[in-house]
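# Observations on the three-dimensional arrangement
The lines below spell out each chain.
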Amino acid sequence: MTGSISTVFQARAGDYVYRDASAVIRQFRPHDPVYLFCADRLAQRAGQFLRGFPGTVSYAVKANPEARVLRTLVAAGISHFDVASLPEIRRVLNIHPRARLHFNNPVKAVEAIAEAYRQHGVRSFALDEFSELEKIQSVTSNDHGVLYTVRFKLAHDGAAYDFGSKFGAEPDKAVALLQAVAAGGARIALTFHPGSQCTDPAVYGRYLEAAADIVARAGVTPELINIGGGFPEYYLDTALPPLEQYFQAIARTSQRCFAGNIPLMCEPGRGMVAAAVSLLARVIHVRDCGRSLFLNDGVYGGMLEQSVVDLRFPAQVWREGRPLPPGSASYQVFGPTCDPIDRLLRPAALPDHMQVGDHVEFGLLGAYGSATATSFNGFQPGTYLNVLRGTDFG
Ligand SMILES: Cc1ncc(COP(=O)(O)O)c(C=O)c1O
């Protein structure tokens, strides 16, 4: 059967599990983009975090809020979630009514704080300035059960994204914020985010040392240090230490700075979910003597990141459901919309003689892939299917 995946699958896309990418292509020859989700891979990564991270693991829902992702994480033992909005809060509670939610978007509408606190039982909020502190206090009044997490920043270093350009108090201000929260009698935590795709474990050490300094100057003892996300994914051309080295570096510095007396939390998004999902796109047009490919998905679909950061995603080409050997021919890759920015930042290295109808499967698309997809120009985001075995991109 060929045709539109959305019309073919919507009714049963839920729990049906296909063997692998080849089985999906052979059975459906999908014309529309498809996300292939491998629950085993996600469960394994969750286990790696839960066993290896020296503290509580909280999942950053923004990376991928798909219900099947949340369900798999809950089944794997994750019960804390970093949420950025009311829809994320509702989504998580729908799946896990007793989930522990941390509303760690540092800037929130006061109405969102109020609904989170009053209707959804959220008792953990991040902030990086006094006006946000006042908003949270105005809603929660004197509730000493509320956890206020002060976010600070350092100069950008070692990550693909500079999160400090938008959020985080300078250390001096973080000291003052901690003191102000303590004066109100509420519970206190301190947090940072080294930036997504942090390629150097030592950056966490520097942040933890700065955290120790802030805590000492503030003269308060937070009940938690939340080290944010930033755990990297292993894209092509990235020579990175294994996750365990990140965990060890964090444990060592935390032991040195806090003598193990302040519990840690992390909130991985990318490092947790990226490898569990691939995106199966289809070649709809070839031009420029075969050197430019138009796919049925692009930067307005699941590949926004590939237009803003220089990450090389692994790819496998399928023809008639059979894998083609890897190739090194260089292609400009365009998405299907009328917009010229709908083009991948980097040319892709794919086999020679790509054809209309070939499927290109991009790996590591589980984080900030479907989560940021739009329906610009009427092109609908891809549909999710489950696979037993995710493609091995080597
Ligand atoms: C507060 C917070 N925590 C965690 C994350 C997840 O980061 P990453 O995907 O780098 O793990 C983000 C990402 O934006 C964030 O804003």
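Keep in mind that what you see is a predicted model, and the values were worked out from it rather than measured.

A tally of regular secondary structure across the protein chain gives 12 helices and 18 strands. Its C-alpha radius of gyration of 22 Å places the protein chain within 12% of the 21 Å reference for a compact globule of 394 residues. Taken along the three principal axes of its C-alpha coordinates, the protein chain extends 65 × 40 × 40 Å. For the protein chain, the proportion of its 394 residues judged to be buried stands at 47%. The long-range share in the protein chain, meaning contacts at least 24 apart out of those at least 6 apart in sequence, stands at 75%.

With that settled, the discussion passes to the packing of helix H4 (residues 67–76) against helix H5 (residues 86–95). Running from amino to carboxyl end, H4 crosses H5 at an angle of 55 degrees, the nearest separation of the two axes being 10 Å. Relative to H5, the element H4 lies oblique. Every pair of crossing elements has a handedness; the one defined by H4 and H5 is right-handed. In this structure, H4 contributes Ala67, Leu70, Arg71 and Val74 to the contact, and H5 contributes Arg91, Val92 and Ile95. Tallied by class, residues from the contact of H4 with H5 come to five nonpolar, no polar and two charged.

Here strand E2 (residues 34–37) pairs with strand E11 (residues 277–287) via four bridges, running antiparallel. Looking across to E11, one finds that tyrosine 35 is bridged to leucine 279. Bridge analysis of E11 against strand E17 (residues 359–362) gives four bridges, and the strand direction is antiparallel. Residue leucine 280 lies in a different strand from E17, and its bridge partner there is glutamate 361. Looking at chain direction, E11 and strand E12 (residues 292–295) are connected through four bridges and run antiparallel. Paired with arginine 287 across the strands is serine 292, a residue of E12. As consecutive antiparallel partners, E11 and E12 are separated by four residues, and within that stretch aspartate 288 has a phi angle of approximately 60 degrees, a positive value.

What the domain assignment reports for the protein chain is domain 1 (5–38 + 274–387) and domain 2 (40–273). Using C-alpha coordinates to define each centre, domain 1 is positioned 32 Å away from domain 2. Opposite the 18 residues of domain 1 that make contact, domain 2 presents 19 residues. Of the residues that constitute the side of domain 1 that touches domain 2, the class distribution is 14 nonpolar, three polar and one charged.

If you look at the biggest cluster of nonpolar residues, it comprises 108 residues, and the most contacted ones within it are Val24, Leu36, Phe37, Tyr148, Val150 and Leu178. Top contributing element to this core by residue count: helix H9 (residues 202–218), with eight residues. When we break this core down by domain, the ones giving at least three residues each are domain 1 (5–38 + 274–387) and domain 2 (40–273).

Below, the discussion takes up the pairing of strand E7 (residues 147–151). Extensive coverage of E7 is indicated by the burial of four of its five residues. In this fold, the crossover linking strand E6 (residues 124–127) to E7 by way of helix H7 (residues 130–140) has right-handed handedness. Of the strand pairs in this sheet, E7 and strand E8 (residues 187–191) are connected by five bridges, and their pairing is parallel. Following the sheet pairing, arginine 151 is matched in E8 by threonine 191.

Moving on: the environment of valine 92. As for its position among the elements, valine 92 is in helix H5. Excluding anything up to four places from it in sequence, valine 92 contacts Val61, Leu70, Phe81, Val83, Ala99 and Leu101.

Relative to the 20 Å expected for 14 residues at 1.5 Å per residue, helix H3 (residues 39–52) spans 20 Å between its end C-alpha atoms, a close match to the ideal helical length. All of the buried residues along H3 are Ala39, Leu42, Arg45, Ala46 and Phe49. All buried residues of H3 fall inside an arc of 130 degrees around its axis, so they share one side. Turned more than 90 degrees off the buried face of H3, the exposed positions are Gly47 and Arg51. Tucked inside the fold, the buried residues of H3 contact E2, strand E3 (56–60), H4, helix H11 (270–273) and strand E18 (383–387).

Okay, the environment of tyrosine 204 next. Examined against the element boundaries, tyrosine 204 turns out to sit in helix H9. Here tyrosine 204 falls in the buried class, since 24 other C-beta atoms lie within 10 Å of it. Distance in space between the C-alpha atoms of tyrosine 204 and phenylalanine 231 is 10.0 Å, their sequence separation being 27 residues.

Negative phi is the rule for most residues except glycine; trans is the rule for most peptide bonds. One non-glycine residue, arginine 29, lies in positive phi territory at about 40 degrees. Among the structural elements, arginine 29 can be located in the loop between helix H2 (21–28) and E2. Classification of arginine 29 as partly exposed rests on a count of 16 C-beta atoms within 10 Å. The residue tyrosine 368 is not glycine, and still its phi comes out positive at about 55 degrees. With respect to the helices and strands, the residue tyrosine 368 is situated in the loop between E17 and E18. On the basis of neighbour count, tyrosine 368 is assigned to the buried category, with 22 C-beta atoms found within 10 Å.

In this fold, histidine 353 is placed in the loop between strand E16 (348–350) and E17. Note: C-alpha distance between histidine 353 and alanine 60 (293 residues apart in sequence) is 40 Å.

Turning to H7, a few remarks are in order. Among the residues of H7, Glu132, Lys135, Ile136, Val139 and Thr140 are the ones counted as buried. Around the axis of H7, the buried residues are gathered within 115 degrees of arc, so they sit on the same side. Those residues of H7 that are exposed and aimed more than 90 degrees away from the buried face are Ser131 and Ser138. Turning to H7, the residues buried within the fold contact helix H6 (110–120), E6 and E7. A positive backbone phi angle near 45 degrees is found at serine 141, which sits one or two residues after H7.

About the cut-offs
Residues numbered from 1 in each chain as written. Predicted model: local features only at pLDDT ≥ 70, side-chain atom pairs only at ≥ 80, totals over all residues. Helix = DSSP H or I, 4+ residues; strand = E, 2+ residues; numbered from the N terminus. Rg over C-alpha atoms; globule rule 2.2 N^0.38 Å. Buried ≥ 20, exposed ≤ 12 C-beta atoms within 10 Å, placed from the backbone. Contact = placed C-beta atoms within 7 Å. Axes fitted to C-alpha atoms, helices over the stretch in contact; angles between N-to-C directions. Parallel < 35°, antiparallel > 145°, perpendicular 65-115°, else oblique. Left-handed = near helix turned anticlockwise from the far one by under 90°. Nonpolar A, V, L, I, M, F, W, Y, C, P; charged D, E, K, R; others polar. Pairing = 2+ DSSP bridges. Domains from an automatic or database assignment. Core = buried A, V, L, I, M, F, W, Y, C linked by C-beta atoms within 7 Å. Right-handed = clockwise from strand over helix to strand, strands pointing away. Expected span 1.5 Å × (residues − 1). Arc of directions from axis to C-beta.

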